[in-house]
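# Descriptive analysis of the structure
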Amino acid sequence: MKRPSDLGTLLELRQRQRDDALKALAEARRERQQGEQQLHQLHAYTREAEARWTERARAGVSPTLLATHLHFMARLEHATHVQQQTLAQQAQRIARCEAQLLEAERALATLRQLQMRRVQQWQQHQARLEQKANDELALQQHRRQPHPTS
């Protein structure tokens, strides 16, 4: 039996793929966190704008100012909706990245197991060869010793 071939290059490739998947997942999670912060800021800004409008409206406002405010609030609502869609897309990206990471880790673990199994098989084969050589040596020594005849 030949010494098992080294799977080092393939292992390095699988490790790089796993590391790349980890980086992609970290980036996706970072982007989601930023998106959540932006959505939070939009909600806070909407509440502030509504509070300011409520104070201003008590003093009476012109129809033009009311229309401007309604248009502004519609734009804020649209921006909030777009940000929510973006967060949903980011959640899907995170799910894909997690699946890719899981697959990369599985492939790496499988390759490591294969290498370990090959090494173990080779070591067992070497141990059998050594045992066989020892047995042969012992048999030769036994044959060389004089045996008393009865």
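Residues numbered from 1 in each chain as written. Predicted model: local features only at pLDDT ≥ 70, side-chain atom pairs only at ≥ 80, totals over all residues. Heavy atoms only, no water.

The subject of this paragraph is the overall build of the protein. Helix and strand counts for the protein stand at 2 helices and 0 strands. A globule of 150 residues ought to have a C-alpha radius of gyration of about 15 Å, yet the protein, at 36 Å, is considerably larger. Over its C-alpha atoms, taken along the principal directions, the protein stretches across nearly 130 × 25 × 15 Å. For the protein, with 150 residues in total, the buried portion stands at 19%. The long-range share in the protein, meaning contacts at least 24 apart out of those at least 6 apart in sequence, stands at 88%. Here the protein has roughly 11700 Å² of accessible surface; of this, 52% comes from carbon and sulfur atoms. (Helix = DSSP H or I, 4+ residues; strand = E, 2+ residues; numbered from the N terminus. Rg over C-alpha atoms; globule rule 2.2 N^0.38 Å. Buried < 20%, exposed > 50% of the residue type's maximum accessible area, 1.4 Å probe, protein only. Contact = heavy atoms within 4.5 Å. Areas by Shrake-Rupley, 256 points an atom, 1.4 Å probe, with all protein chains shown as cover.)

Moving on, we come to the pattern of salt bridges. Inspection of the entire model under this criterion finds 7 salt bridges. Arg 30 is the salt-bridge partner of Glu 27, the closest N and O atoms lying 2.4 Å from each other. With Glu 27 and Arg 30 both in helix α1 (residues 8-58) and 3 residues apart, the pair spans about one turn of that helix. On the basis of relative accessibility, which here comes to 35%, the residue Arg 30 falls in the partly exposed class. The salt bridge partner of Glu 103 is Arg 106, with a shortest N-O separation of 2.4 Å. One end of the pair, Glu 103, and the other, Arg 106, are both in helix α2 (residues 63-144), 3 residues apart, so they sit about a helical turn from each other. (Salt bridge = Lys/Arg side-chain N within 4 Å of Asp/Glu carboxyl O.)

Turning our eyes to something else, we now look at the environment of Pro 148. On the secondary structure map, Pro 148 appears in the segment after α2. On the basis of relative accessible area, Pro 148 is assigned to the exposed category, the value being 75%. With 21 residues separating them along the chain, Pro 148 and Ala 127 place their C-alpha atoms 34 Å apart.

Ala 21, Leu 25, Ala 28, Ile 94, Cys 97, Leu 101 and Ala 104 together form the largest nonpolar core, which totals 7 residues. For this core, the secondary structure elements donating two or more residues are α1 and α2. Sort the elements by how many residues they give to this core and α2 lands first, with 4 residues. Residues in contact with Ala 28, not counting those within four places in the same chain, are Arg 93, Ile 94 and Cys 97. (Core = buried A, V, L, I, M, F, W, Y, C linked by side-chain atoms within 4.5 Å.)

Right, let's get into the side chain of Gln 90. Within the secondary structure layout, Gln 90 lies in helix α2. A polar contact of 3.3 Å, which involves the side chain of Gln 90, links it to the backbone oxygen of Glu 31. The residues touching Gln 90, leaving out its near neighbours within four places in the chain, are Glu 31, Arg 32 and Gly 35. (Polar contact = N/O pair within 3.5 Å; in protein donor to acceptor, adjacent residues only side chain to side chain.)

Turning our attention to the packing of α1 against α2. Remark: α1 packs on α2, axes separated minimally by 8 Å, with the N-to-C direction vectors making an angle of 165°. As far as their axial angle goes, α2 and α1 are roughly antiparallel. Here α1 runs over α2; the crossing is left-handed. Considered class by class, the residues forming the contact of α1 with α2 number 26 nonpolar, 13 polar and 13 charged. (Axes fitted to C-alpha atoms, helices over the stretch in contact; angles between N-to-C directions. Parallel < 35°, antiparallel > 145°, perpendicular 65-115°, else oblique. Left-handed = near helix turned anticlockwise from the far one by under 90°. Nonpolar A, V, L, I, M, F, W, Y, C, P; charged D, E, K, R; others polar.)

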